[in-house]
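An overview of the molecular structure
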Amino acid sequence: MSLWAAQMWLGLSVAVIGISMHRTGPAFRRHSFGAPVALLGLAVMLFRIEEPPQPESGVVTAAIGAAMWLLPALAGSALVLMGAPLYWKTRPAPLLAGWTLIAVAWYQYYSVMSLVPLDALRWVSTLLGVLLSLTVFTLCVRTAERTTPQEPETERLSEKERKYVESVLRRHLEVADEP
């Protein structure tokens, strides 16, 4: 194995390790080193002095080709998630921008493919499968949300309860002066 082939596989391994590190931890607080390690792995894999031998050069070429549609797809997915309705408040601007980027990613993905009738049939069937699964998922979520009863609003704290909570918070948040 040449040095450049080893560099490509090392970069790919470090990128996968970074993605795995990013996925650890609670849902709202991911590991802070995950994204930089993944980017370092991609940099090691893609920035090289010489062309790596086959099959490693094919992997690098495929990664660069995938980035053309994968980056807009990831950015669009992030925007759709940010614009999704939350507590009955929608944010239409990020939602529209996200779906536009996802459509651009689909267009870029299918525009680089060769046009063979059998492949076109596979593309159409894949798109139909994706649409069908998204429709079923949407219907399941809507059904679950409609059948789950809403919780009634809780009553305000009484004066006694409020003072108790306030005293507990003061005891736990105060810093004692040390001599």
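In what follows, the accompanying structure is described. (Residues numbered from 1 in each chain as written. Predicted model: local features only at pLDDT ≥ 70, side-chain atom pairs only at ≥ 80, totals over all residues. Heavy atoms only, no water.)

**Details of the overall build of the chain**
Rule in force here: In DSSP terms, a helix is any run of H or I states spanning at least four residues, a strand is any run of E spanning at least two, and both are numbered starting from the N terminus. Each residue is placed in one exposure class: buried if its accessible area under a 1.4 Å probe, protein chains only, is under 20% of its type's maximum, exposed if it is over 50%, and partly exposed if it falls in between. The contact definition used throughout considers only heavy atoms, calling two residues in contact when any of these lie within 4.5 Å. Under the convention used here, a 1.4 Å probe and the Shrake-Rupley method define accessible areas, while residue burial counts only the protein chains that appear.
Of regular secondary structure, the chain possesses six helices and zero strands. Each helix and strand of the chain, placed in order from N terminus to C terminus, yields the pattern α-α-α-α-α-α. The buried share of the chain, taken over its 179 residues, is 14%. For the chain, restricting intrachain contacts to residue pairs at least 6 apart in sequence, the fraction spanning at least 24 positions comes to 44%. Total accessible area on the chain is roughly 14700 Å²; 70% of this is exposed by carbon and sulfur atoms.

**Quick look at the packing of helix α1 (residues 3–22) against helix α3 (residues 56–83)**
In plain terms, the rule: Structural elements are reduced to axes, namely lines fitted to C-alpha atoms, with helices fitted over the stretch in contact, and the angle between N-to-C directions of any two is expressed from 0 to 180 degrees. The cut-offs work like this: below 35 degrees is roughly parallel, past 145 is roughly antiparallel, 65 to 115 is roughly perpendicular, and the gaps in between are oblique. The hand of a helix crossing depends on one turn: near helix anticlockwise from the far one by less than a right angle means left-handed, and clockwise means right-handed.
At their nearest, the axes of α1 and α3 sit 10 Å apart, and the two run at 40° to each other. Of the possible angle classes, the one that applies to α1 and α3 is oblique. In this structure, α1 crosses over α3, and the sense of that crossing is left-handed. Residues Ala-5, Met-8 and Trp-9 of α1 touch α3, and the partners they reach there are Glu-56, Val-59 and Val-60.

**Section: the pattern of salt bridges**
For side chains of opposite charge, pairing can occur when their charged atoms come near one another. This is how the line gets drawn: The working definition used for a salt bridge is a side-chain nitrogen of Lys or Arg within 4 Å of a carboxyl oxygen of Asp or Glu.
Evaluated as defined, the whole model comprises three salt bridges. In this structure, Arg-170 engages Glu-166 in a salt bridge whose closest nitrogen and oxygen atoms are separated by 2.9 Å. Here Arg-170 pairs with Glu-166, and both are found in helix α6 (residues 159–173), just four residues apart, close to one helical turn. Where salt bridges share partners, they join Glu-159, Arg-162, Glu-166 and Arg-170 into one cluster.

**Regarding a nonpolar patch on the surface**
How we decide: Patch membership needs two things, relative accessible area over 30% and no salt bridge, and members are linked within 9 Å if like-charged or within 5 Å if nonpolar (Val, Leu, Ile, Met, Phe, Trp, Tyr).
The grouping of Leu-157, Tyr-164, Val-165, Leu-169 and Leu-173 at the surface amounts to a nonpolar patch, some 540 Å² of accessible area in total. Following the sequence through the fold, Leu-169 ends up in helix α6.

**Points about helix α2 (residues 34–46)**
The condition is simple: To estimate how far a helix should extend, the number of its residues minus one is multiplied by 1.5 Å. Arc definition: directions from the helix axis to the C-beta atoms.
Taking 1.5 Å per residue, 13 residues should reach 18 Å; α2 reaches 18 Å between its end C-alpha atoms and fits that length. Restricting attention to buried positions, one finds in α2 the residues Gly-34, Ala-38, Gly-41 and Met-45. Projected down its long axis, α2 carries its buried residues within an arc of 60°, all on one side. Seen from the open side of α2, the exposed residues pointing more than 90 degrees away from its buried face are Leu-39 and Leu-40. On its buried face, α2 sits against α1 and α3.

**Some remarks on the environment of Ser-77**
The test is simple: In the analysis that follows, any N or O atom pair within 3.5 Å is treated as a polar contact, provided that within protein one partner can donate a hydrogen and the other can accept it, and provided that, for residues neighboring in sequence, both atoms belong to side chains.
With respect to the secondary-structure elements, Ser-77 resides in helix α3. Only 2.8 Å separates the side chain of Ser-77 from the backbone oxygen of Ala-73, close enough to count as a polar contact.

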